[in-house]
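Chain by chain, the residues:
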Amino acid sequence: MSSVVRGVWRSSRLVEGITYKCSNYNFGTNKLTRGGVGKGLCVPRCISRGFQTSTYLSEDVKHQRPHTYEEEKVIIDEIIKNSTTEDILASKRIRNIGISAHIDSGKTTFTERVLFYTGRIKAIHEVRGRDSVGAKMDHMDLEREKGITIQSAATYCSWDKDNQSYHFNLIDTPGHIDFTIEVERALRVLDGAVLVVCAVAGVQSQTVTVDRQMRRYNIPRITFINKMDRMGANPWKAIDQINAKLKMHAAAIQVPIGAEENLQGVVNIIDRVALYNEGAQGETIRKDKVPEDLKDLVEEKRLFLIETLADVDEEIADIYLEGEEPTVEQIKAAIRRATIGRKFTPVLMGSALANRGIQPVLDAVVDYLPQPNEVLNTGFEVQSDGSETPINLVASSAAPFVGLAFKLEEGPYGQLTYIRVYQGKLKKGAYMTHIKSGKKVKVSRLVRMHSNEMEDVSEVGSGEICATFGIDCASGDTFIGQGLNKQIAMSSMFVPEAVISLSIAPKSKENGAFSKAMNRFQKEDPTFRVHFDPESKETIISGMGELHLEIYVERIKREYGVDCVTGKPQVSYRETITGSTPFDYTHKKQSGGAGQYGRVIGEMKPIEGENKFETQIVGGKIPEKFLLACQKGFDDCLEKGPLIGHKVLGVDMLINDGQTHVVDSSEMAFRTATQGAFKQAFENAQPVILEPIMTVDITAPNEFQGAVVGLINKLGGMINETVNGQDEFTVSAECSLNSMFGFSTTLRASTQGKGEFSLEFLKYAQTAPQLQKQLISDYQKAQASKK
Ligand SMILES: Nc1nc2c(ncn2[C@@H]2O[C@H](COP(=O)(O)OP(=O)(O)OP(=O)(O)O)[C@@H](O)[C@H]2O)c(=O)[nH]1
Ligand SMILES: [Mg+2]
């Protein structure tokens, strides 16, 4: 059927009272736009992973780089067609899933039930140490005290369905935006996700961010509407919002039985069965007939489900057009196809805290989320000339091993490295090659993680998640096994910019613990950066937000016994140039003692993104070792820009000529000459200060729309999109981080405490001239006062 017909259906039926104001959503062709790509590190998942052996794929398919899910599917089908029965059976039983959502929607509470119902834990404990124990996945003391998840935690469990046992690898992620790297790295390596939405609050500002992250890594998701026991719970409103705000086709596959404190279970509307949670902790599911008073609602929602599926699935569309009713099997198969194809999300509901409706979510994970071999993982084969060719991996245990280290943690036994096995097997005692260093490392201990506990295993197969000890690597590094004579690299996860910094120093004399803590946190968390400012002699830490840095300061105190003093949080600015300029700089000190001489000539110009240093010296005018010193001089300058001492971004420096002195030239002289040239050229190249611009998503009841828009205008922000729901609206705007200090108080005041917002780094942009002037003058005053 034609996409136009589907488009018309969709838009005419789509949730009354909701206005669409989006330009990039194509109803008919299912081309939902991919999530935003940041900083060049992020590559959509379909082009970001993998490798494979030639036995599985023909040469042309092996290196094909798919752009749509349909193209991915062709490759996936070929891999499956050529897989062994053993591989296919193994993959069928595995699900790798993440639990992601807005802060406080109940992810950890939900995960606790999952662990209990799957028999991984013997008793349920609540977050925020409501009892003295605390939820399993929030194992850090700070998490238990604050009642928020700070680090993602991995676990695994088995779920039995239809006499089959399924192995779930599961990662519970934090909701707070300051810990967003934890969501990035989890989604980077998982195959599917459960998106948790609060039944009262619906789609919240951070849900929008998580949705963006899921799209970035092409993650299929099922949705769980939690907190159905709360007063004012309304799953239908939440579903409308998923359709409208997230622009994702969504329909319920359940209706609730009872409401608020009388919530008893759910009706599964596909096969029209009521599921009651019974027993002290809802552990027993009693199946029954659909209650009389729910029959009409079940039929209404069932029709909505079929109509929604007809929008995204050809087979259901054809059946629907013929005026027939699809069978239960046809509906389930269509949900699975459309979910894995990332065109649709089935919606389930319940209450984690009240132990209602969790088990059906586990069934839905089995039924509708992909097996590891249903997701295409593409990596890059690094050629001898340094170029990279995309290469598709096969989820087969018989193929050579390829894995990605996605998370590091310092523990009592040394560095714990979490690895996702994309291809092949990882065995205890085996060797693997660290692609970045070329070193062979032995896997002396292999474990599966269960939050902060670990269980030793002798091997893990393709598609699995495990951890190992004693391997030196960074987060995002690729490892390959024996028998692979190729260099395979998988792209790392998207790392957002650190936008807030503060100075930090131990209160008492540093005895090594402070530096140890800094090194460790920096290695574990790519969004936490540390640098030393030699001029002010201060250590500066930067991160995603005030809470992010606050947590590290607290952890240094608790875990390393070092009390610290910190400065005021500051925006991390960048300095750049807007014009090109030649330079010719001589560093000369030839009076008394050993002389110094170095002359560098070249050009400085602005470039997009990261900084670049180049040399083009003919006739050996500057010898190689001095050029290396020049590079060091350049790197020194990037750390501290000439305008206000912040980092430099987007500068290209080329040295193409120069001069040496037979006696007085040295590496030091050339390093200093380059620093002098940099400073001089930078000042001549119309330098400017850049400030972080954030995507701000604000949600509030409709009556405050005028006030919120007024607020954004006052802050000098730019509104990109407004979506109106029946009761609430969401506005997405771009604002400078500078203007956002104190925003939570202003928003609370303007919306009677009902508005909420989330911030995410978008880009750097030039500051207004008066701010630039002010910053420079403040910096100069501060410098002068130090002298
Ligand atoms: N009424 C009600 N409260 C719930 C439910 N699920 C969780 N909560 C409560 O919501 C609060 C947050 O729960 P968490 O499980 O920590 O939420 P989270 O999504 O893991 O939070 P972060 O990881 O910090 O983003 C806690 O006080 C829970 O007891 C539910 O189904 N009903
Ligand atoms: Mg949590």
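The structure presented is a predicted model; accordingly, all values stated were derived computationally and were not measured.

1. Points about the overall build of the protein chain
- Secondary structure summary: the protein chain contains 20 helices and 39 strands in total.
- At 28 Å, the protein chain has a C-alpha radius of gyration in line with the 28 Å of a compact globule built from 787 residues.
- Per-residue burial over the protein chain gives 48% buried out of 787 residues.

2. Notes on the sheet that holds strand 24 (residues 487-489)
- Across the sheet, which stays open at both edges, the 3 strands sit in the order 13-12-24 with antiparallel pairing between neighbours. The open sheet has two edge strands, strand 13 (388-392) and strand 24, and neither has a second partner. Between one strand axis and the next, the sheet turns by 40° as a mean value, whatever way the strands run.
- Looking at chain direction, strand 12 (residues 378-382) and strand 13 are connected through 5 bridges and run antiparallel. Considered in strand 13, the bridge of Glu381 is made with Thr389.

3. Notes on the site of ligand 1
- Inspection of the region around ligand 1 gives 25 residues, with Gly106, Thr108, Thr149, Gly175 and Leu353 positioned closest.
- It is helix 5 (residues 107-117) that provides the largest number of residues to the shell around ligand 1, a total of 3 residues.
- Tallied by class, the residues present in the shell around ligand 1 amount to 8 nonpolar, 10 polar and 7 charged.

4. Examining the pairing of strand 6 (residues 249-252)
- By the alternation rule, side chains of strand 6 split into His249 and Ala251 and Ala250 and Ala252, which are all buried.
- Sheet topology note: the strand 6/strand 11 (residues 344-349) ladder contains 4 bridges and is parallel. Residue pairing in the sheet places Ala250 in a bridge with Thr345 of strand 11.

5. Re the pairing of strand 1 (residues 94-101)
- Counting buried residues along strand 1, 8 of its 8 residues qualify, which places the element largely inside the surrounding structure.
- Burial along strand 1 is two-sided: Ile94, Asn96, Gly98 and Ser100 facing one way and Arg95, Ile97, Ile99 and Ala101 facing the other are all buried.
- Across 6 bridges, the pairing between strand 1 and strand 3 (residues 164-172) is parallel. Considered in strand 3, the bridge of Ile97 is made with Leu170.
- Summarising the sheet, strand 1 and strand 4 (residues 192-198) pair through 5 bridges and their orientation is parallel. Bridged to Ser100 within strand 4 is Leu195.

6. A short note on helix 9 (residues 235-245)
- Buried residues dominate helix 9, accounting for 10 of its 11 residues.
- Listing the buried residues of helix 9 in full gives Pro235, Lys237, Ala238, Ile239, Asp240, Gln241, Ile242, Asn243, Ala244 and Lys245.
- Downstream of helix 9 by a residue or two, Lys247 has a phi angle that is positive, lying close to 50°.

7. Notes on the packing of helix 14 (residues 513-524) against helix 15 (residues 546-560)
- Running from amino to carboxyl end, helix 14 crosses helix 15 at an angle of 125°, the nearest separation of the two axes being 10 Å. The angle between helix 14 and helix 15 falls in the class oblique. Like other packed secondary-structure pairs, helix 14 and helix 15 cross with a definite hand, here right-handed. Contact residues: helix 14 offers Ala513, Phe514, Lys516, Ala517 and Phe521, while helix 15 offers Tyr552, Ile556 and Tyr560.

8. Notes on the sheet that holds strand 19 (residues 446-450)
- What the 8 strands build is an open sheet, ordered 18-17-23-14-15-22-19-20; its pairing is antiparallel. The sheet terminates laterally at strand 18 (440-442) and strand 20 (453-456), the two strands that pair on one side only. Each strand of the sheet is rotated relative to its neighbour by a mean of 40°, with strand direction disregarded.
- Of the strand pairs in this sheet, strand 15 (residues 414-423) and strand 22 (residues 465-469) are connected by 5 bridges, and their pairing is antiparallel. Looking across to strand 22, one finds that Leu416 is bridged to Phe469.
- Together, strand 14 (402-411), strand 15 and strand 22 form the strand contacts of helix 7 (residues 180-189), whose direction differs from that of strand 14 by roughly 150°.

9. Brief notes about the environment of Thr173
- Mapping Thr173 onto the fold places it in the loop between strand 3 and helix 7.
- Linking Thr173 and Gly379, residues 206 residues apart in sequence, is a C-alpha distance of 25 Å.
- Residues in contact with Thr173, not counting those within four places in the same chain, are Gly98, Ile99, Ser100, Lys107, Ser152, Glu182, Val183 and Ala186.

10. Focus on the confidence of the model for the protein chain
- Taken over all residues, the pLDDT of the protein chain has a mean of 86, while the share at 70 or more is 92%.
- Considering only residues more than four positions removed or in separate chains, one finds that residues 1-54, a stretch of pLDDT under 50, has 111 contacts.

11. Examining helix 16 (residues 624-639)
- With 16 residues, helix 16 should reach 22 Å at 1.5 Å per residue; the first-to-last C-alpha distance of 24 Å fits that figure.
- Among the residues of helix 16, those classed as buried are Phe626, Ala629, Cys630, Gly633, Phe634 and Cys637. The buried residues of helix 16 all sit within an arc of 150° when viewed along its axis, so they share a single face. Projecting away from the buried face of helix 16 at angles above 90 degrees are the exposed residues Glu624 and Lys625.
- Buried positions along helix 16 lie against strand 32 (596-606), strand 33 (612-615), strand 34 (647-648), strand 35 (651-659) and helix 17 (667-684).

12. Focus on the nonpolar core
- Ranked by internal contacts, the top residues of the largest apolar core, which has 127 residues, are Val194, Phe224, Leu309, Val347 and Ile419.
- Considering each element in turn, this core owes the most residues, 6 residues, to strand 4.
- Residues lining this core come from more than one domain, with at least three contributed by each of domain 1 (20-36 + 43-52 + 376-489) and domain 2 (94-370).
- Residues within four places of Leu309 in sequence aside, it is in contact with Ile316, Ile331, Ala334, Ile335, Ala338 and Phe344.
- By size, the runner-up hydrophobic cluster in this structure holds 43 residues, among which are Phe528, Leu549, Leu747 and Phe757.

13. A short note on the packing of helix 10 (residues 295-312) against helix 11 (residues 314-321)
- Between helix 10 and helix 11, the least distance of the axes is 6 Å, while the angle of their chain directions is 120°. Accordingly, the angle class assigned to the pair helix 10 and helix 11 is oblique. For the crossing formed where helix 10 meets helix 11, the hand is left-handed. From helix 10, Ile306, Leu309 and Ala310 reach across to helix 11, where they touch Ile316, Ala317 and Tyr320.
- The residue inventory of the contact of helix 10 with helix 11, partitioned by class, reads 6 nonpolar, no polar and no charged.

14. Details of the environment of Glu683
- Mapping Glu683 onto the fold places it in helix 17.
- Glu683 sits in the partly exposed class, given 13 other C-beta atoms within 10 Å.
- Remark: the alpha-carbon pair of Glu683 and Ser785, spanning 102 residues in sequence, is separated by 23 Å.

15. Some details on unusual backbone geometry
- The residue Asp162 is not glycine, and still its phi comes out positive at about 50°.
- The residue Asp162 is located in the loop between strand 2 (153-161) and strand 3 in this model.
- The phi angle at Asn218 is positive, at roughly 50°, despite the residue not being glycine.

Conventions and cut-offs
Residues numbered from 1 in each chain as written. Chains lettered and ligands numbered in written order. Predicted model: local features only at pLDDT ≥ 70, side-chain atom pairs only at ≥ 80, totals over all residues. Helix = DSSP H or I, 4+ residues; strand = E, 2+ residues; numbered from the N terminus. Rg over C-alpha atoms; globule rule 2.2 N^0.38 Å. Buried ≥ 20, exposed ≤ 12 C-beta atoms within 10 Å, placed from the backbone. Pairing = 2+ DSSP bridges. Axes fitted to C-alpha atoms, helices over the stretch in contact; angles between N-to-C directions. Near = placed C-beta within 6 Å. Nonpolar A, V, L, I, M, F, W, Y, C, P; charged D, E, K, R; others polar. Parallel < 35°, antiparallel > 145°, perpendicular 65-115°, else oblique. Left-handed = near helix turned anticlockwise from the far one by under 90°. Contact = placed C-beta atoms within 7 Å. pLDDT = per-residue confidence, 0-100. Expected span 1.5 Å × (residues − 1). Arc of directions from axis to C-beta. Core = buried A, V, L, I, M, F, W, Y, C linked by C-beta atoms within 7 Å. Domains from an automatic or database assignment.

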